[in-house]
Amino acid sequence: MKYLPFNKIQLDQYSVIGFDMDGTLYDEEIFIRQVYASIANYLSDTLSTSYEFIYFWMIERWKEKGSSYSFIFSEVIEQVGLKASEELINDCLNIYRNFKPILRLHTNTEKFLNEISKEHQLFLITDGNFKLQKEKFNSLKLEKWFREENVVFTGKLGREFYKPSIRATEYIECLKNMTKPVLYFGDRNIDEQFALNAQFDFVKVENFNYFWDVN
């Protein structure tokens, strides 16, 4: 595996390019702000407490801990001095998992996908709740660039398929009988470890200005 800065990539050496979704193809904070607003509205009504406190506390906690942190709902309830019942936590999780976000790609990302899809096959592997990840995929209109047979929602297959496991690659049609190097874009350390395990070259996306020069 090679770890590549974006301006050192020579795309013509690859025929297949892969992507993570959250935080890679779009700004995940947009989704987080939308879904936490819905949860804060529910909790403020249910607990008769401040919407603003709940919303901004969750946003700051997310920035500190990340999306994989599983105690954020129980902690915010306790922050307002109440016991975090299983029922309340499950209600928050249901709002989160059934949320229908309104998302769009960064302009640079869309231009990049338009350009590379002319001469490369693209694939996508994304972890998380299947229903929610599919809602994000649909909202972003990613079917324009990613064919169904080259998309894996690992949440549909089971947690043992989550990155950094490479088991999901077995379900990617364009990776079958692949002889050329493969390039993978992700934003997290776990994406880098996945690329290492799969022997893919890797680019870490740290901001969406990465997707501006495809020469």
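One can find the structure itself at the top, above this paragraph.
Residues numbered from 1 in each chain as written. Predicted model: local features only at pLDDT ≥ 70, side-chain atom pairs only at ≥ 80, totals over all residues. Heavy atoms only, no water.

Asks: Just to check I follow, could you spell out the overall build of the chain for this structure?
Replies: Along the backbone of the chain there are 8 helices and 5 strands. Ordered by position from the N terminus, the helices and strands of the chain form the series β-α-α-α-α-α-β-α-β-α-β-α-β. On C-alpha atoms alone, the chain measures out to a radius of gyration of 19 Å, which is about the 17 Å that the 2.2 N^0.38 rule sets for 215 residues. Along the first, second and third principal axes, the C-alpha set of the chain runs to 60 × 35 × 25 Å. Taking all 215 residues of the chain together, 48% fall into the buried category. For the chain, restricting intrachain contacts to residue pairs at least 6 apart in sequence, the fraction spanning at least 24 positions comes to 70%. Put simply, the chain shows about 11500 Å² of open surface, and 46% of that area lies on carbon and sulfur atoms. (Helix = DSSP H or I, 4+ residues; strand = E, 2+ residues; numbered from the N terminus. Rg over C-alpha atoms; globule rule 2.2 N^0.38 Å. Buried < 20%, exposed > 50% of the residue type's maximum accessible area, 1.4 Å probe, protein only. Contact = heavy atoms within 4.5 Å. Areas by Shrake-Rupley, 256 points an atom, 1.4 Å probe, with all protein chains shown as cover.)

Asks: I'm lost on the packing of helix α3 (residues 72-79) against helix α4 (residues 86-97) in this one. Help?
Replies: Geometry of a packed helix pair, given as the angle between the helix axes and the separation of the axes. One way to put it is that α3 packs onto α4 with a least axis distance of 9 Å and a crossing angle of 125°. In terms of orientation, α3 lies oblique with respect to α4. Seen along the crossing, α3 lies across α4 with a hand that is right-handed. Counting all contacts with α3, which are made through Phe73, Ser74 and Ile77, the residues of α4 involved are Leu88, Ile89, Cys92, Leu93 and Tyr96. Counted by class, the contact of α3 with α4 contains 7 nonpolar, 1 polar and no charged residues. (Axes fitted to C-alpha atoms, helices over the stretch in contact; angles between N-to-C directions. Parallel < 35°, antiparallel > 145°, perpendicular 65-115°, else oblique. Left-handed = near helix turned anticlockwise from the far one by under 90°. Nonpolar A, V, L, I, M, F, W, Y, C, P; charged D, E, K, R; others polar.)

Asks: Got a minute to help me understand the environment of Asp20 in this structure?
Replies: Structurally, the position occupied by Asp20 is in the loop between β1 (16-19) and α1 (28-47). Among the residues examined, Asp20 registers a relative accessible area of 2% and is labelled buried. For Asp20 and Ile125, which are 105 residues apart along the polypeptide, the C-alpha to C-alpha distance reads 5.5 Å. Among residues more than four places away in sequence, those in contact with Asp20 are Leu25, Leu124, Ile125, Lys163, Tyr184, Phe185, Gly186, Asp187, Arg188 and Asp191. Only 3.0 Å separates the side chain of Asp20 from the side chain of Thr24, close enough to count as a polar contact. Among the polar contacts made by the side chain of Asp20, one reaches the side chain of Lys163 at a distance of 2.9 Å. (Polar contact = N/O pair within 3.5 Å; in protein donor to acceptor, adjacent residues only side chain to side chain.)

Asks: When you look at the nonpolar core in this model, what are you seeing that I'm missing?
Replies: Taken as a class, soluble globular proteins show a tendency for nonpolar side chains to be buried jointly. Phe19, Tyr36, Met58, Leu142 and Phe146 are the most contacted members of the largest nonpolar core, which totals 50 residues. Sequence-distant contacts of Phe146, that is, excluding residues within four places in its chain, are made with Phe19, Leu25, Leu113, Leu122, Phe123, Leu124, Phe137 and Val151. With 15 residues, the next largest nonpolar core counts Val152, Ala168, Ile172 and Ala198 among its residues. (Core = buried A, V, L, I, M, F, W, Y, C linked by side-chain atoms within 4.5 Å.)

Asks: How do you make sense of the pattern of salt bridges when you look at a structure like this?
Replies: A side chain of one charge can pair with a side chain of the opposite charge if their charged atoms are brought near each other. Applying the stated criterion across every chain, the model contains 14 salt bridges. A salt bridge links Arg33 to Glu29; the nearest nitrogen and oxygen atoms lie 2.9 Å apart. Of this pair, Arg33 and Glu29 both sit in helix α1, 4 residues apart, which is roughly one turn of that helix. In this structure Glu29 comes out as partly exposed when scored by relative accessible area, which is 21%. (Salt bridge = Lys/Arg side-chain N within 4 Å of Asp/Glu carboxyl O.)

Asks: I keep staring at the sheet that holds strand β2 (residues 121-126) and nothing clicks. Help me out?
Replies: Strands pair in a sheet through their backbones, by hydrogen bonds, and they do so in one of two ways: parallel or antiparallel. Taken in spatial order, the 5 strands of this open sheet run β3-β2-β1-β4-β5, and their pairing is parallel. Looking along the sheet, the strands with just one partner apiece sit at the ends: β3 (151-153) and β5 (201-204). Across this sheet, the average inter-strand angle for adjacent strands is 15°, counted without regard to direction. Two strands pair when backbone bridges link them, and strand β4 (residues 182-186) and β5 are joined in this way by 4 bridges, in the parallel orientation. In the strand pairing of β5, Gly186 is matched with Lys204. Across the face of the sheet, helix α5 (residues 107-116) comes into contact with β1, β2 and β4 while running at roughly 155° to β1. Across the sheet, helix α6 (residues 130-139) touches β2 and β3, and the angle it forms with β3 is around 145°. (Pairing = 2+ DSSP bridges.)

By themselves these figures say nothing about function.
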